[in-house]
Amino acid sequence: MEVSLSGLADFQNSIYLQGLGDVLPTLPTDLTKLEGLAERSLSAQAFGYVAGSAGSEATARANRAAFDRWRIVPRMLRDVADRDLAVNVLGTAMPSPLLLGPIGVQSILYPDGELAVARAAAAEGLTMVLSTASSYNIEDVAEANGEGPRWYQLYWPKDRELAVSFLERAKAAGYTTLVVTLDTFTLAWRPRDLDRAYLPFLRGIGVANYFSDPVFQKAVGGPVTEANRDMALLHWVANFGNPSLTWDDLVFLREHWDGPIALKGIQHPDDARQAVDAGMDAVIVSNHGGRQVDGAVASLDALPGVVEAVRDQATVLFDSGIRTGSDIAKALALGAKAVLVARPYAYGLALGGQAGVQHVLRCLQAELELTMALSGIKRVEELNPEILVRA
């Protein structure tokens, strides 16, 4: 039995109606179960790379614990019959305040990798943020994404000409907003990867944007082939990140990108203020899902201070630790305008390709809408700290 219903929360109804024909969801609707299923499905190397975090993984645990410290206080008799989760973030219209955060090397999860994710995002009308470290290049992902909204995430390389080339390619391919990740100018100490001596980039995975770039190719003597592949990998190592960058270097980005710019990795209010002073359009409160600094502040704990520091001078987005629709509601109530989700859809990709990603996105949006409605809220802008209490 095929069922087509409108509204984000009606995904729940479609599941129940499909059940009348003994059709069950192929993946769990409790998205916290996906990680365990992905572990059994993926190679130990691939799973460790995606699921792992820095050091003892204390920051990743802190991200989840921070959500449990907040509790929603539902309100009754609020007329929530007419609900709408649509938002506009940095000029991008979205059916809900949910973006697909940047994840690199997605082909280790599923052969089509970012192409499948781009198709899934477009099918759901949601915005995909493409990682510089993708398995497929900027242009191919844009083609797969079609008319879907898309943003580009930059790992700022040492070679300024290469950075400009990335930005020009992204703009030409229809990416409208630039997300600059600040916290990964070098890879952190990640024991899951170290114990397996596994870094996909050194195996030629996640370097498609580099190997396909004309500036990069010129530096290694031409298109990358078996003959110059080792040279190309060494050139990637030499250029991946730039630890010498300062706030003054943001002027360079403004000179070469004429759309909105969001800085990802902001955790301190003073850094948020400096982003505003530098003319940035948005900050993304993020600790990279716990992947960079072990023992760092939980992303959700950092959010209120950043919101207070920025006020209405820039858009505040959030990522790190979201697993459920109620998590999204809490982040929005604490001041984020939208959230970026990563590992849940990565596990969906590993387990079901494009369909798996769409399942995750539909579950998150349906649960978010139901959580809001059952709490007496029908619009995203109505979410505020007053609906929360500390546990």
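Everything below is about the structure shown above.
Residues numbered from 1 in each chain as written. Predicted model: local features only at pLDDT ≥ 70, side-chain atom pairs only at ≥ 80, totals over all residues. Heavy atoms only, no water.

J.: Looking at this model, I keep getting lost on the sheet that holds strand β11 (residues 338-341). Mind explaining?
T.: Through backbone hydrogen bonds, the strands of a sheet pair up, either in parallel or in antiparallel fashion. Taken in spatial order, the eight strands line up as β4-β5-β6-β7-β8-β9-β10-β11 and close into a barrel, and their pairing is parallel. The mean inter-strand angle of the sheet, taken between neighbouring strand axes irrespective of direction, is 30 degrees. As judged from the three bridges shared by strand β5 (residues 127-130) and strand β6 (residues 150-154), these two strands associate in the parallel manner. Bridge pairing in β6 places Val 129 opposite Trp 151. (Pairing = 2+ DSSP bridges. Helix = DSSP H or I, 4+ residues; strand = E, 2+ residues; numbered from the N terminus. Axes fitted to C-alpha atoms, helices over the stretch in contact; angles between N-to-C directions.)

J.: What is the right way to look at the packing of helix α3 (residues 44-51) against helix α16 (residues 343-374) in this model?
T.: The geometry of a pair of packed helices is captured by two quantities: the angle between their axes and the separation between those axes. It is at 11 Å that the axes of α3 and α16 come closest, and there the two elements cross at 160 degrees. As the angle between them shows, α3 and α16 are arranged roughly antiparallel. Relative to α16, α3 is oriented so that their crossing is right-handed. Touching Phe 47, Val 50 and Ala 51 of α3 are Arg 343, Ala 346 and Tyr 347, all from α16. Looking at the contact of α3 with α16, its residues break down into five nonpolar, no polar and one charged. (Parallel < 35°, antiparallel > 145°, perpendicular 65-115°, else oblique. Left-handed = near helix turned anticlockwise from the far one by under 90°. Contact = heavy atoms within 4.5 Å. Nonpolar A, V, L, I, M, F, W, Y, C, P; charged D, E, K, R; others polar.)

J.: How should the packing of helix α5 (residues 114-124) against α16 be read in this particular structure?
T.: Two elements in contact, α5 and α16, have axes whose closest approach is 8 Å; the angle formed by their N-to-C orientations is 10 degrees. Comparing their axes, α16 and α5 come out roughly parallel. For the pair α5 and α16, contact is made by Ala 116, Val 117, Arg 119, Ala 120, Ala 123 and Glu 124 and by Tyr 345, Leu 349, Gln 354, Val 357, Gln 358, Leu 361 and Arg 362, respectively. Split into classes, the residues belonging to the contact of α5 with α16 amount to eight nonpolar, two polar and three charged.

J.: Mind showing me how you'd approach the pattern of salt bridges here?
T.: A side chain with one charge can pair with a side chain of the opposite charge if their charged atoms come near. Counting across every chain of the model gives 15 salt bridges. Arg 169 is the partner of Glu 139 in a salt bridge, and the nearest nitrogen-oxygen pair spans 2.9 Å. Pair noted here: Glu 139 is in helix α6 (residues 138-145) and Arg 169 is in helix α7 (residues 160-172), with a separation of 30 residues, a long-range link. Through salt bridges with shared partners, a single network forms among Glu 139, Arg 169 and Asp 213. (Salt bridge = Lys/Arg side-chain N within 4 Å of Asp/Glu carboxyl O.)

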